[in-house]
Every structure is written in C-alpha cells, then in structure tokens.
Amino acid sequence: MPSVASKQYSDDVSLLVLLLDTNPLFWSNTSITFSQFLSHVLAFLNAVLGLNQLNQVVVIATGYSSCDYIYDSSLTSNHGNFESRGTGMPPLFASLLKKLEDFVTKDEELSREEGHEDRTPSCLLSGSLSMALCYIQRVFRSGHIHPQPRILCLQGSPDGPEQYVAVMNSIFSAQRLMVPIDSCYIGVQNSAFLQQASYITGGVHHTPKQLDGLFQYLTTIFATDLHSRGFVQLPKPIGVDFRASCFCHKKTIDMGYICSVCLSIFCEHHKKCSTCGSVFGQSKLDEASSVSDKKRKAPHT
Amino acid sequence: MAGEQVENRGVKYKSSIKDPGTPGFLRINEVMLLFVPNDPKSDSKLKVQTKNIKSHKNTKEASNKPPWLHLTTYQGRNHIFEFENYPDMHTCRDFVAALDKNDEEPKKAAVSTSTEQLSIKELELRFKLLKENSELQRLHKQFVESKVLTEDEFWATRKKLLGKDSIRKSKQQLGLKSMMVSGIKPSTDGRTNRVTFNLTPEIIFQIFAEKPAVRQAFINYVPSKMTEKDFWTKYFRAEYLYSTKNTAVAAAEAAEDEELAVFLKPDEILARETRQKIRRVDPTLDMEADEGDDYSHLMDHGIQRDGTMDVVEPQNDQFKRSLLQDLNRHAAVVLEGRSIDVDSEDTRIVAEALTRVKQVSKADGETTKDANQERLERMSRVAGMEDLQAPQNFPLAPLSIKDPRDYFESQQGNIVNVPRGAKGLKRNVHEAYGLLKESIVEIRATGLSDPLIKPEVSFEVFSSLTRTISTAKNIIGKNPRESFLDRLPKSTKDEVLHHWTSIQELLRHFWSSYPITTPYLHTKVGKLKDAMSNTYSKLDAMKESVQSDLRHQVSLLVRPMQQALDAAFQHYEADLQRRTAKSSGGERPNGYV
C-alpha cells in the first residue's frame, strides 16, 4: 500500500550506515575495552531505531584487511529462530554479534595470508566507505520514497596515507550524492581524512574526550536526523586539517608540487607525472633565478 | 591663499544687467560664495561653490560704468555684483581670479601629461569605467591623485578593461518580421473606391526576398518601362485580383496587360530554384512532404487564400496560389534571415543587391564533377542492402584498459614506514585478534553493561559539549562556511577589503619595477615604498581600533597583508644595500664592515 507508506513517511526518517572500526591493532591498546565500546554502540543503535518506526540502520565492520556488512535492520531474518545463548543480549543484536565474530575470524585469516608488508596500523576506511555508498546508491534507486541516508564513521585507528586517493574519491562521491559523513574519532592522534570528510560533505565531526561517556556523545550529537539538524546546534571543529598525502611516497605534506593536468600531488620535483604521464617543463624558479642573475650583472659594467 | 576670505557689505546682487539689484552682504572664501540680502524678506540669497565659477568679468575703472563683477558658472548662470567702489571690486576680483587659477593648475598639469597620446574617446572610456566601478574609482583617487602612481601606470595593468568595451559595440543583426507581407491591408476611405497602400522599405525588402519574379520584373521594367509607382500599383492590382478569387477576370486582365501577367503567373524563378534543389536531394529522403510548396506540381488540392476549395478550370489554373505555398515560402525567407545589409531607401539598389546575392549563392551551389561523384557514392552507400554485401572486416584496434589497481597500489613499494620486525608484527596481530574475539564472546555472554553510563559522566559530557558549542559559536558563527568577514561591522569590512585591493595594486607595481634599471623606476619604487609604509601603519591602527572580541580574527586577516608588505620592504632594503655597496665600489671607510 504505497499511499499508507507515504503518509507515514515524515521528514525525519533516516538511514544510518555505521562504519565500525574493528582494527585489532587499535583495540589492543585503548582505555576502553571493545566490549564496553560495543555496548555503548549497540545501545545507541537501539536508540536510533527507537526514534522513528521507519528508521533503518546498517552496520559495516571496517577491519584490518577487509570489510563486510554485519547488520541490516531492514532484513526480516534478524528476528529469526535464533536461540540467544546468554542472558543479557536482546535477540535483535544477537545476529549482529554472531556476524561480527565470523567477520573477525575471516579478517584474521586474510591478514595472515597477506604476508605483512610494513603498513601503518590503519583500518580499511576506503573499503567500508565504498560499501556504504554502494548500499546507499541502491536505496536511492529503490524508488521515490526512501529514508534520508547518512554515514557515521566510528573510528580510532590512525589514517593510512596510502588510502588517501581512494578515501578522497569516496568523499567526493558522497558529496555528489549529498550524503553527509559524520565522524566520531576515538583515537589518540587526529584524523585528517575524517575531518575533511565531514567538512566537505556537511557532516559533524567530533572527538570525544571521555570515552566512558561515549553513549552520551553518540546520542547527543550523532543521533539527530538530517531534517532536525537545521534546528539543532551541533559542535563544530575550529579548524580543519586539509593536508594531503603525496602520491609518490604517501607522506602527509602541506607544501608540494602539483601536476597541472591531473592535479596529482608530489612532494618532490619530478620530470614526468606518474598518474597521467604528462611531461613537466623546466621549473620556473630555475629560469627566473638565472635570468635575474644575468640582469643584475648588466648595470654593473 | 588657504582660509582667506573676502567680505563685503555694500554689495548689490543683480541677476541681469537691467536688474536694479538687491543690496546685501557678500562673502567669498575658498570653498563657497555666499550672498545674503539685507532685506530678510527678499529671496535672492545666493550660494555658489567656488569651483563652479568658470570665468569672471569686470567693468573697468576708466569707463564711466559702475563697478560690476560678473561671474559665470559652469551651469551657465550669470551673477552680477555691483560694488560700492572700485577697490572693493578689485579685491573681490583678485580673490576669485586666484581661486580660479589654483583650481585650473593641477587639472591642467595632470591632463597635459597624459593627454598627449590619448584620444578623447579613451579618456571618455576611462571616465566611464571609473564612474561605473566604485572600487576602481577609490583606488584611482587614492593613488593617482596622491601622485603615488601616474595615470598611465594605473591604466597599464588594466588594458583588458579598456579594450573590451569596443568589442561590445558590434551591432546585432535584425531579423525579418514573421508577419506575412501579403497580410497588409490597405487603408480605404469609405467614400470613394480608392485604396491606399503604405509601402515601407521593410515591406519592399520582404516582397523582393519572397518573390524573385517580382524582383526580376522590377529590375527589368523600372525605370525603363514604367515608374516605380506604376509598378507597385500593378502589383497591388494583381494581389487584389488574387484575393477576389475570380480567375476568369484574372485571366482576362493578364491577357491584356503583359506586365500584370508577370505578377499573376506562378513564379518562374522560384520554380527553377526548387527544381534544382530537388535534383540534389538525397534519394532516400521522403519527398512527399515537399509537395505543398513545389511549383512544379499540379494544384488540385490545397485551400485557397480565403479558405475555399473551388475546383478551377484548367486553363486558369496558373492564376491561383494556395495558402500553403505562400506560408512555406514566407517561412523559408524569414528563417534565412537578412541576406544583405543594405539599408537603402532606393528600391532599385535593394533589388539589385538581392539578385546579386542569389546569383552568388547559386554559383556556389552549382555542383562540380567531383562533388557529384561524391554524392553518388554517398547515395549508393546509404541505399545499400546489408544482406547482399560482402562481409566487411574492419581493421581492429585493441582496447588498452589499464588495471585500476596499478593506479592505486603502484606506489606501495615506496612507502616509508616505521620498520617493525615482520615476525613481531605477526604475533602482535594474532594476539590482537584473539583479544578482539574474546571481547565479543564476553559481551554475548553478559549482554549490555548495566548501567550503560554513569550519571556523573553523562553530566560532565553534557557540560563540556555545551561549553564547546557556545565558544565555537562565538568564534566561528553558526555556519562553518560563513565567512568571518560578514560578522565584522560594515565599515571595518570595507576597510579591510579596500586595504587588500590597494596592497595588491601597490605590490603589483612594486614587484614589476624590479630589477631597477632606470632612474624612473627608482623614483617609482621610492614612492611606492612610502605608500606601502603608509598602508602598513593604517593596518596597525585598524587592528588597534577593532573591538576586543573580534581583534584576534582581524589580526589573522591582516597578518598575510603585513607579511606581504614585509617581504616587499625586505627586498627593497636588500636591494638598496646592494646598490649602495656596488656604487661605493672598492671604497671601504675605516671601521665599516
């Protein structure tokens, strides 16, 4: 009955895609344990689902070597005949936890296979962002009436500069689709990717100071749907770290060289652009200095 | 001269020579001339700005006339003042003369240097640009009038602005009216049987464009056989005959008058053109649609001009035209647009010009042998049947699709990282995964932690968030994209922006004068440096004067400007030192390192 559904659809129906950081290297040394973190997050998801009957939640786990969909609230198989073993877990999330456990096992196997090149201990943010955007694109194409999607990125691992290009591409696609990317960074260092993502797409970025109050942060800041954000004031960062990574060494730089054809960033002078293959001419600085030397000599004679 | 003024009590103001004059009090100072009549009820109070005074005349002492001073203003008004005696008048006159001279001098000086090579048109253009763009005017006033930059230098960087205007002046071509010419109704006066047609050159042009036979007839007959007026009379008679749909009469009149016959017959020239066009059309095109306006077909269908559908006797067939034909012809002409630009009153010239144009286009259109061949080839290609043709093996070029992974991962080998023993890492990772799995199992067993969050913690979180949001609001404003500039009071904002543009202008001229090769550049750089120091101190003053809560942001805005100025000063000092070192040559006074 499409007419009934449309009547029920109000402005504040939202689809929240949560990107959960399950990088073991990060979780092995934090102040908050993973189980405590999970309980905050699960309670938050429950709260979001409780805000509106038609709200939807999708959880994607961002692992060390892979990403996967963990939970989708719109699937009816959630409430299936699953015996909840323990005492405390509501059946709604039992399947989530089961899938999470399976995912972690798979991720471990993959990372074992991979052979361990030296890598920053970052999670695969680019992968999970892309998966989230694909899901959202499918929702967009499903019909006229759909909830307003947004992405919430819960991350503690530092940025992997080798993912710079992929992450920026996902951010720009999100901007095009008009999907805000909120980010809650619970790690130690600052994440430039997440700051830029939230700034560019119009989302909210926050770094909670007190991790045992994480649930409070989540419900106060990140639970508001897109329509209500026009009336609510959310915390904004004072400045945004706009630094890019260079394409040749993946270092974070703030001054470098840029190819005028494809806008790739390099930290040192190259003869040829590695992305588009265009050949660079002689640097203007060298030319100018040689010319001015000559000119200065002339009046001297 | 500054601040001086002349006052005079016994002055009479006359608006014209015949006016007896109203007595009053006259005061002239540098800015203004004020005349107040003694009688408060009189209304000839006068206030004139001295810069409006164009010229002055006075009566000579030697003559027997009373002492008069006659001032004319730029607005064209005349003021005559009668003084009590000549010396008074002379003082006033001298004062006015001195003022005039002061006014004119700087203007003359400025104008004379730059008007040497300028035309009046360029001057006008400059004034217009200055008037339209208030920012430019402000910059101009600041620099050129304070003699920091000369006029030429100021406009040298703005050549684009000056040059662009002239391009805009190209005229836009007018199109033809879409109303049909044959819809022109004559004016009749109800009493007699005469009708009057009003012919404008526009209409004539359209008639010639639509009906080439008429044009040809005009060229042939006028002025040799008949006058223009007769020609048009006959033409309109023919039109009238058409409209009466009386083909018998039309045939009869055509038989009598051969010129009239030309107008009544179908247009031969047009028919010829269309026949040629048909020959060149692609045979795969469906020609059914064209039958309506093709002059070579029979006309047994189609409505007449007034909507009837009479069947006509065959011999009078040619005296009928259908509405469709007229409409189509008219539409074709309008779409073609104005093919000539001749704007002349003389009909003959217009007719000839049109003929020439048509001839030229016909000559262009005539197909050469090669073109013909190419057309035949193309036709055979299009009309070919695929099943009956041999299989074609097109030359293939392989696609080169690059693996996108190369792009993303090609630089992995170059990554510099904190080296960690690979084995150690493996162990770490394994351990970490183990811990993670343990956590998950734990939470499955125990469920969500209870209480989820302690109230004190919650309260702390709330208060810190409130603090963050309120301070951020004060510093940034509601919208992160909102520019800080909008929150400044308008005058400060304008000032800041004006400083930006003026510094840009100064720096542009400054950096372009280096390296200094001529003394002219040297003086220029000196003047620029003084102006820059001036601006620097103004920026400092502005920073001080702003309110305390905005001060930090304003200083952030001002800092890059001052940094740029500092860089310029540094360069200037360094260059100066270098020059003095060079000029002093090998001399080294004692103790001077």
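In what follows, the accompanying structure is described. Please read all numbers here as calculations on a predicted model, not as lab measurements. (Residues numbered from 1 in each chain as written. Chains lettered and ligands numbered in written order. Predicted model: local features only at pLDDT ≥ 70, side-chain atom pairs only at ≥ 80, totals over all residues. Heavy atoms only, no water.)

## What about the overall build of chain B?
Scanning chain B from terminus to terminus reveals 20 helices and nine strands. The buried share among the 593 residues of chain B stands at 32%. Pairs at least 24 apart in sequence give 56% of the contacts found in chain B among residues at least 6 apart. About 39500 Å² of surface is accessible on chain B, with carbon and sulfur atoms providing 54% of the total. (Helix = DSSP H or I, 4+ residues; strand = E, 2+ residues; numbered from the N terminus. Buried < 20%, exposed > 50% of the residue type's maximum accessible area, 1.4 Å probe, protein only. Contact = heavy atoms within 4.5 Å. Areas by Shrake-Rupley, 256 points an atom, 1.4 Å probe, with all protein chains shown as cover.)

## With respect to the overall build of chain A
Regarding its fold elements, chain A presents nine helices and ten strands. For chain A, the proportion of its 301 residues judged to be buried stands at 50%. Within chain A, contacts between residues separated by at least 24 positions form 66% of all contacts whose residues are at least 6 apart in sequence. Summed over all atoms, the accessible surface of chain A reaches about 14400 Å², with 55% contributed by carbon and sulfur.

## Focus: helix α5 (residues 125–140) of chain A
Between its first and last C-alpha, α5(A) extends 22 Å over 16 residues, near the 22 Å set by a 1.5 Å rise per residue. Every buried residue belonging to α5(A) is among L125(A), S126(A), S128(A), L129(A), A132(A), L133(A), Y135(A), I136(A) and V139(A), and all of these are buried. (Expected span 1.5 Å × (residues − 1).)

## What about the packing of aromatic side chains?
All names here are of chain A. In this structure the tally under the stated criterion is ten aromatic pairs over all chains. Ring plane angle 65° and centroid distance 4.9 Å describe the contact between F26 and W27, whose orientation is recorded as edge-to-face. Aromatic side chains W27 and F37 sit 4.6 Å apart centroid to centroid with 40° between the ring planes, which places their arrangement in the tilted category. Of this pair, W27 sits in helix α2 (residues 24–27) while F37 sits in helix α3 (residues 34–51), placing them ten residues apart in sequence. Assigned by exposure class, W27 and F37 land together as buried. The structure contains a cluster of three or more aromatic residues connected by ring pairs, namely F26, W27, F34 and F37. (Phe/Tyr/Trp six-rings, centres within 6.5 Å; stacked < 30°, edge-to-face > 60°.)

## Regarding the pairing of strand β4 (residues 46–49) of chain B
Residue and element names in this part refer to chain B. Side chains of β4 alternate between two faces, with L46 and V48 buried and K47 and Q49 left unburied. Relative to β4, strand β3 (residues 32–37) is paired through four bridges, and the arrangement is antiparallel. The residue bridging M32 from the neighbouring strand is Q49, located in β4. (Pairing = 2+ DSSP bridges.)

## Considering the nonpolar core
All names here are of chain A. The biggest cluster of nonpolar side chains holds 53 residues, and the ones touching the most others in it are F37, F44, L45, V59, Y71 and L96. If one sorts the elements of this core by residue count, α3 sits on top with ten residues. L45 has contacts with L16, L18, V57, V59, F93 and L96, leaving out every residue within four places of it along the chain. (Core = buried A, V, L, I, M, F, W, Y, C linked by side-chain atoms within 4.5 Å.)

## A short note on the sheet that holds strand β2 (residues 56–62) of chain A
Residues and elements named next belong to chain A. With respect to topology, six strands assemble into an open sheet ordered β3-β2-β1-β4-β5-β6, the strand pairing being mixed. The sheet is open, and its two borders are formed by β3 (67–72) and β6 (205–206), each paired with just one other strand. As paired elements, strand β5 (residues 181–185) and β6 share two bridges and run parallel to each other. If you follow S183 over to β6, its bridge partner there is H205. This element, helix α7 (residues 192–201), spans β4 (148–155), β5 and β6 of the sheet and lies at about 150° to β5. (Axes fitted to C-alpha atoms, helices over the stretch in contact; angles between N-to-C directions.)

## Quick look at the side chain of T535(B)
As for its position among the elements, T535(B) is in helix α19 (residues 519–545). With residues near it in sequence (within four places) discarded, T535(B) still touches H499(B), I503(B) and L506(B).

## A word on the pattern of salt bridges
Scanning the entire structure with this criterion turns up ten salt bridges over all chains. Across the salt bridge formed by R150(A) and D182(A), the nearest N and O atoms sit 3.8 Å from each other. With a gap of 32 residues between them, R150(A) in strand β4 and D182(A) in strand β5 connect regions that are remote in the sequence. You'll find R150(A) and D182(A) in the same group, each marked buried. Among the ionic pairs, R578(B) bridges to D575(B), the shortest N-O distance being 3.4 Å. Within this pair, R578(B) and its partner D575(B) are both found in helix α20 (residues 548–584), separated by three residues, close to a single helical turn. For D575(B), a relative accessible area of 10% puts it in the buried group. One salt-bridge network, in which partners are shared between bridges, spans E108(A), R112(A) and K437(B). (Salt bridge = Lys/Arg side-chain N within 4 Å of Asp/Glu carboxyl O.)

## A word on the state of the cysteines
Between two cysteines, a covalent bond joining their sulfur atoms is known as a disulfide. Residue and element names in this part refer to chain A. Within the structure shown, the criterion is met by zero disulfides over all chains. Cysteine C123 remains unbridged, with the sulfur of C153 as its closest cysteine sulfur at 6.9 Å. According to the relative accessible area criterion, C123 is buried, its value standing at 2%. (Disulfide = S-S within 2.5 Å.)

## Some thoughts on helix α7 (residues 212–221) of chain B
The element α7(B) is largely enclosed, with a buried count of eight among its ten residues. Among all positions of α7(B), only P212(B), A213(B), V214(B), R215(B), A217(B), F218(B), I219(B) and Y221(B) are buried.

## Description of the packing of α5(A) against helix α6 (residues 164–177) of chain A
Residues and elements named next belong to chain A. Axis separation between α5 and α6 bottoms out at 9 Å; the angle between their running directions is 20°. Here α5 lies roughly parallel to α6, going by the angle between them. Crossing geometry of α5 relative to α6 is assigned as left-handed. Packed against α5, whose contacting residues are L125, S126, L129, S130, L133, Q137 and F140, the element α6 presents A166, V167, S170, S173, A174 and L177 at the interface. (Parallel < 35°, antiparallel > 145°, perpendicular 65-115°, else oblique. Left-handed = near helix turned anticlockwise from the far one by under 90°.)

## Points about unusual backbone geometry
Residue and element names in this part refer to chain A. If you check the backbone angles, M178 has positive phi at about 60° while not being a glycine. The residue M178 is located in the loop between α6 and β5 in this model. We note that L263 has phi near 65°; this positive angle belongs to a residue other than glycine. Mapped onto the secondary structure, L263 falls in the loop between β9 (257–258) and β10 (265–266).

## Quick word on the environment of E352(B)
Residue and element names in this part refer to chain B. Relative to the helices and strands, E352 resides in helix α13 (residues 347–365). Accessibility expressed as a relative area gives 30% for E352, which makes it partly exposed. Taking the C-alpha atoms as reference points, E352 and R215, 137 residues apart in sequence, are found 8.3 Å from one another.

## Remarks on the pairing of strand β2 (residues 22–29) of chain B
If a strand is regular, its side chains alternate between the two faces of the sheet. Residues and elements named next belong to chain B. As paired elements, β2 and β3 share five bridges and run antiparallel to each other. Among the inter-strand pairings, R27 is bridged to a residue of β3, identified as L34. Counted between consecutive antiparallel strands, the loop separating β2 from β3 contains two residues.

## Focus: the packing of helix α18 (residues 490–512) of chain B against α19(B)
Residue and element names in this part refer to chain B. In contact at an axis separation of 10 Å, α18 and α19 are set at 160° when each is read in the N-to-C sense. Taken together, the axes of α18 and α19 are roughly antiparallel relative to one another. Judged by the sense of rotation from one axis to the other, the crossing of α18 with α19 is left-handed. Across the interface between the two elements, T492, E495, V496, H499, I503, L506, L507, H509 and F510 of α18 pack against K524, V525, L528, A531, M532, T535, K538, L539 and M542 of α19.

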